[in-house]
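The chain contents come next:
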Amino acid sequence: MSEKSVKKPLEASAGDPKHAARATRSAGRKMRSLLLDAASPLFRERGLSGTSITDIAGAADAFPSQITYYFRTKEALFVESACRDLLYLARATEQAALKACSPREYTHALAETVTASDSVAFFAEALTLTRRRPDLAPLVERTIERLHGEGARAYASQVARHGWRSLRAPDESSRRFWAVAIGVILEGYAMGRSPDELCAEMLRVLGEQAKSTGDAARLRLVDDRDASTSSDQES
């Protein structure tokens, strides 16, 4: 095969409209990510009103027009930054809890990681913003559903892995955990509480999530009614 015949397909591939479209999409995703990376710390430090599009563009080494091209408005960038940060926090939280060997250790690792970050408070600001900008609500809704879905899968995996007896279904446990986290952290920020105090309050409100059992074959999920009945019998 000649060198000419080898080069020809490669040249055709480079000029292929589909190849160009893929390259454009890849460059677009990279730029969006760079803008989000630059915007997040600025928004968290200065808030929405204290951060300008010019500030974000400067931090990302980009043009202000690129922000409006990819996100349309500063508010949309704010909400997407907050949503992404919350999902990053959720991933870090589950990773931190993987080493737990008991339900108590698992819950403590989750609460400690969540309360050490300001991502939940950042996301709460985005929630408030969507009241005035309903066009941004779908992104928040998708983020919450993903948060709960991934949390439920992670919790169910840990329960099955260790043979714990969960007191609630995984989806209920995940939704309850994040509802408590948002409530406790917002209240704690208003009261000037430290991360340690926030963690202690979260653990108090959450209570027991599961029980250890030495017999993995007895693993089962129970609802609140069954849990209370079991508790009565055990006492």
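Residues numbered from 1 in each chain as written. Predicted model: local features only at pLDDT ≥ 70, side-chain atom pairs only at ≥ 80, totals over all residues. Heavy atoms only, no water.

Caption draft 1: Up close: the packing of helix α7 (residues 119–132) against helix α8 (residues 137–162). At their nearest, the axes of α7 and α8 sit 9 Å apart, and the two run at 140° to each other. The angle between the axes of α7 and α8 places the two elements in the oblique class. At the point where α7 passes α8, the crossing takes the left-handed sense. Between α7 and α8, the contacting residues are Phe123, Leu127 and Thr130 on the first element and Ala137, Val140, Thr143 and Ile144 on the second. Across the contact of α7 with α8, the residue classes tally to 5 nonpolar, 2 polar and no charged. (Axes fitted to C-alpha atoms, helices over the stretch in contact; angles between N-to-C directions. Helix = DSSP H or I, 4+ residues; strand = E, 2+ residues; numbered from the N terminus. Parallel < 35°, antiparallel > 145°, perpendicular 65-115°, else oblique. Left-handed = near helix turned anticlockwise from the far one by under 90°. Contact = heavy atoms within 4.5 Å. Nonpolar A, V, L, I, M, F, W, Y, C, P; charged D, E, K, R; others polar.)

Caption draft 2: The confidence of the model for the protein, seen in detail. Taken as a whole, the protein shows an average pLDDT of 86; of its residues, 80% reach a score of 70 or greater. Counted against residues more than four places away or in other chains, residues 1–12, with its pLDDT under 50, gives 1 contact. Predicted confidence for residues 215–231 stays below pLDDT 50, and this span has 27 contacts to residues more than four positions away or in other chains. (pLDDT = per-residue confidence, 0-100.)

Caption draft 3: How the structure looks around the side chain of serine 174. Residue placement: serine 174 occurs in helix α9 (residues 170–191). Assessed through its relative accessible area of 6%, serine 174 is described here as buried. When residues no more than four places from it in sequence are discounted, the contact partners of serine 174 are Leu147, His148, Gly151 and Ala152. (Buried < 20%, exposed > 50% of the residue type's maximum accessible area, 1.4 Å probe, protein only.)

Caption draft 4: Layout of the packing of aromatic side chains. By the definition in use, this model includes 6 aromatic pairs. When the centroid spacing of 5.1 Å and the interplanar angle of 85° are considered together, the rings of phenylalanine 78 and phenylalanine 122 count as edge-to-face. Taken together, the positions of phenylalanine 78 in helix α5 (residues 74–97) and phenylalanine 122 in helix α7 put the pair 44 residues apart, joining distant regions of the chain. We classify phenylalanine 122 as buried; its relative accessible area is 2%. Between phenylalanine 177 and tryptophan 178, the aromatic rings sit 5.2 Å apart at their centres with planes inclined by 90°, giving edge-to-face as the arrangement. With a relative accessible area of 8%, phenylalanine 177 lands in the buried category. For tryptophan 178, a relative accessible area of 5% corresponds to the buried category. Site record: aromatic cluster; members linked through ring pairs are Phe43, Phe78 and Phe122. (Phe/Tyr/Trp six-rings, centres within 6.5 Å; stacked < 30°, edge-to-face > 60°.)

Caption draft 5: Focus on the pattern of salt bridges. Counting across every chain of the model gives 13 salt bridges. As a salt-bridge pair, aspartate 118 and arginine 44 come within 2.3 Å of each other at their nearest N and O atoms. In this pair, aspartate 118 is assigned in the loop between α6 (103–115) and α7 and arginine 44 in helix α2 (residues 17–46), connecting sequence segments 74 residues apart. Classification of aspartate 118 as partly exposed rests on a relative accessible area of 26%. Residue arginine 44 is classed as partly exposed on the basis of its relative accessible area of 31%. Between glutamate 150 and arginine 146 there is a salt bridge, with the nearest N and O atoms lying 2.8 Å from each other. Of this pair, glutamate 150 and arginine 146 both sit in helix α8, 4 residues apart, roughly one helical turn. (Salt bridge = Lys/Arg side-chain N within 4 Å of Asp/Glu carboxyl O.)

Caption draft 6: Structural detail: the environment of methionine 31. Tracing the backbone shows methionine 31 in helix α2. For methionine 31, a relative accessible area of 15% translates into the label buried. In the structure, methionine 31 is positioned 35 residues away from glutamine 66 in sequence and 8.4 Å away in space, judged by C-alpha atoms. Those residues within four positions of methionine 31 in sequence are excluded, and the remaining contacts are Ala62, Gln66 and Tyr70.

Caption draft 7: Representation of the nonpolar core in the model. Counting residues in hydrophobic clusters, the biggest one holds 53 residues, and the most contacted among them are Phe43, Leu77, Trp178 and Met202. No other element matches the 11 residues that α5 contributes to this core. If sequence neighbours within four positions are ignored, methionine 202 has contacts with Ala111, Thr115, Phe177, Val180, Ala181 and Val184. (Core = buried A, V, L, I, M, F, W, Y, C linked by side-chain atoms within 4.5 Å.)

Caption draft 8: Looking closely at the environment of methionine 202. Summarising the element assignment, methionine 202 is placed in helix α10 (residues 195–206). Looking at methionine 202, the relative accessible area reads 0%, which means it is buried.

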